[in-house]
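Secondary and tertiary structure notes
Residues per chain are reported as follows:
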Amino acid sequence: MKRPFIAMDTNFFTELGWYTFESRAEMLAELGYDGMTFTIFETGYKPLWRQQAFDDIEKIAAIQKKTGIGVDSIYMNLDLSKSPAEGDNADIPRILSQMTSETCANLELSVCFTDNSVAKSDASADGKLLQWLEPIIPVLEKNNLHLHLYPHSGFWIERVEDSVRLKKKINHPRIHAVFCGLHWFCVDGQDIEGKLREAAPHLGSANISGMRVTGEHKQIVPLDDGQLDNSLIIGLLDKYGYKGKIALQGFGCAGDVYTHLKKSINTFRDIDTRVRNHPSWSQRFPA
């Protein structure tokens, strides 16, 4: 059985604008994707896109009925240096209260301290997140939803190890870790087998991308391009028991969106078949 492959809506953000919700879904349906993610940017970054996202949430069920492409998860950011009622933080419980398992069952949450009061990956601040979650978990339970802790380079939760540590500490079946190939590569790009061995049992989602490195510059590219060996990542996820969906990250991927989405799904299907037919091919000598 083929593994579900979805596209993050970041694939549709370009220097010339953002594709409409309808066109994103139609394009992904034509190309054979199994769904998409949905981003709500923080205040101050692309405010028109942020407002459009709030408007588009009301269309999720209708778009899925029309195209067959559902929204697998909504992405938002939590700033623990602010109060729960302040700024973007207040939008998170509001959006959760609108979500249902029929329309979108997953919230992917990056977590930061914008006042820089807490160092990246500092476990001494774990209690702040646990405290914030106290009123959130009953909403997850009531609406049959799941929350995924999204590691993002430069944020407090920036490593998959941070996401796993918090998942274990929270120890609730509706809270999950996330593996992000892009952010693992940007943070240190080390010990991928050890990290996935530890993370795989705790993952609710995983995402990958092609990556081209030129000096200090890292550029997302289609899966068939760049230096990142995604067949190893997919093989290790499979080896250590993660059989769930994989998403395609495409933030800043240059060129024609349809073309790189087409290249990437074809490459992914080829890799996924090889991984299942030849699991030993995921073994590597250390670099």
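First, a word on what this report is: a plain description of the structure on this page.

What counts and what doesn't
- Residues numbered from 1 in each chain as written.
- Predicted model: local features only at pLDDT ≥ 70, side-chain atom pairs only at ≥ 80, totals over all residues.
- Heavy atoms only, no water.
- Helix = DSSP H or I, 4+ residues; strand = E, 2+ residues; numbered from the N terminus.
- Buried < 20%, exposed > 50% of the residue type's maximum accessible area, 1.4 Å probe, protein only.
- Contact = heavy atoms within 4.5 Å.
- Areas by Shrake-Rupley, 256 points an atom, 1.4 Å probe, with all protein chains shown as cover.
- Lys, Arg positive; Asp, Glu negative; His and termini not counted.
- Charge placed at Lys NZ, Arg CZ, Asp CG, Glu CD.
- Salt bridge = Lys/Arg side-chain N within 4 Å of Asp/Glu carboxyl O.
- Arc of directions from axis to C-beta.
- Disulfide = S-S within 2.5 Å.
- Phe/Tyr/Trp six-rings, centres within 6.5 Å; stacked < 30°, edge-to-face > 60°.
- Lys NZ or Arg CZ within 6 Å of the ring centre and 35° of its normal.

This part covers the overall build of the protein chain. Secondary structure summary: the protein chain contains eleven helices and twelve strands in total. With 287 residues in all, the protein chain has 54% of them scored as buried. Across the protein chain, contacts joining residues at least 24 apart in sequence account for 76% of those joining residues at least 6 apart. Entry remark: accessible area of the protein chain is about 13,100 Å², with carbon and sulfur atoms responsible for 52%. Placing the 32 positive and 37 negative side-chain charges of the protein chain at their respective mean positions leaves the two points 4 Å apart.

A separate point is the pattern of salt bridges. A full pass over the atoms with the stated rule returns 26 salt bridges. Note that E22 is salt-bridged to K59, the shortest N-O span being 3.6 Å. Here E22 is found in helix α1 (residues 21-31), whereas its partner K59 is found in the loop between α2 (47-57) and α3 (60-67), with 37 residues between them in sequence. Residue K59 is classed as partly exposed on the basis of its relative accessible area of 29%. Note that R274 and D270 form a salt bridge whose closest N and O atoms lie 2.9 Å from each other. One end of the pair is R274 and the other is D270, both in helix α11 (residues 257-277) and four residues apart, which spans about a single turn.

Here the focus is helix α6 (residues 136-143). When α6 is considered as a whole, its buried residues turn out to be I136, I137, L140 and N143. Considered in projection along α6, the buried side chains sweep an arc of 145 degrees and stay on one side of the axis. Buried-residue contacts for α6 involve α4 (91-98), α5 (126-133), β7 (146-149), α7 (160-170) and β8 (175-180). Just downstream of α6 lies N144, where phi reads positive at about 60 degrees.

Quick look at the state of the cysteines now. What the rule picks out here adds up to zero disulfides. No disulfide involves C104; its sulfur sits 16 Å from that of C180, the nearest cysteine. Looking at C180, it has no disulfide partner, and the nearest cysteine sulfur is the one in C186, 11 Å off.

Looking now at the side chain of K167. By the secondary structure assignment, K167 is in helix α7. For the buried K167, no salt bridge is present, and the opposite-charge side chain at shortest range is E141, 12 Å distant. Among residues more than four places away in sequence, those in contact with K167 are L149, H172, P173, I175, H176, A177 and H202.

Turning to unusual backbone geometry, a few remarks are in order. Despite not being glycine, N144 has its phi angle at roughly 60 degrees, a positive value. Tracing the backbone shows N144 in the loop between α6 and β7. What makes N144 partly exposed here is its relative accessible area of 37%. At D191, a residue that is not glycine, the phi angle is positive and equals roughly 50 degrees. Summarising the element assignment, D191 is placed in the loop between α8 (181-187) and α9 (192-199).

This part covers the packing of aromatic side chains. In this description, an aromatic ring pair is defined by two values, namely the gap between the centres and the angle between the planes. Scanning the model with the defined rule gives 14 aromatic pairs in all. Centroid distance F13 to W18: 4.9 Å. Interplanar angle 75 degrees. Geometry classified as edge-to-face. Each member of the pair F13 and W18 is classed as buried. Centre to centre, the rings of F13 and F41 are 5.1 Å apart; their planes meet at 50 degrees, and the pair counts as tilted. Within this pair, whereas F13 is found in strand β2 (residues 13-14), its partner F41 is found in the loop between β4 (36-39) and α2, the two being separated by 28 residues in sequence. The class for F13 is buried, based on a relative accessible area of 7%. Grouping aromatic residues by their ring pairs yields a cluster made of F13, W18, F41, W49 and F251. The ring of F54 has R94 lying over it, and the distance from NZ or CZ to the ring centre is 4.9 Å.

In short, the description is geometric, and any link to function would need to be established separately.
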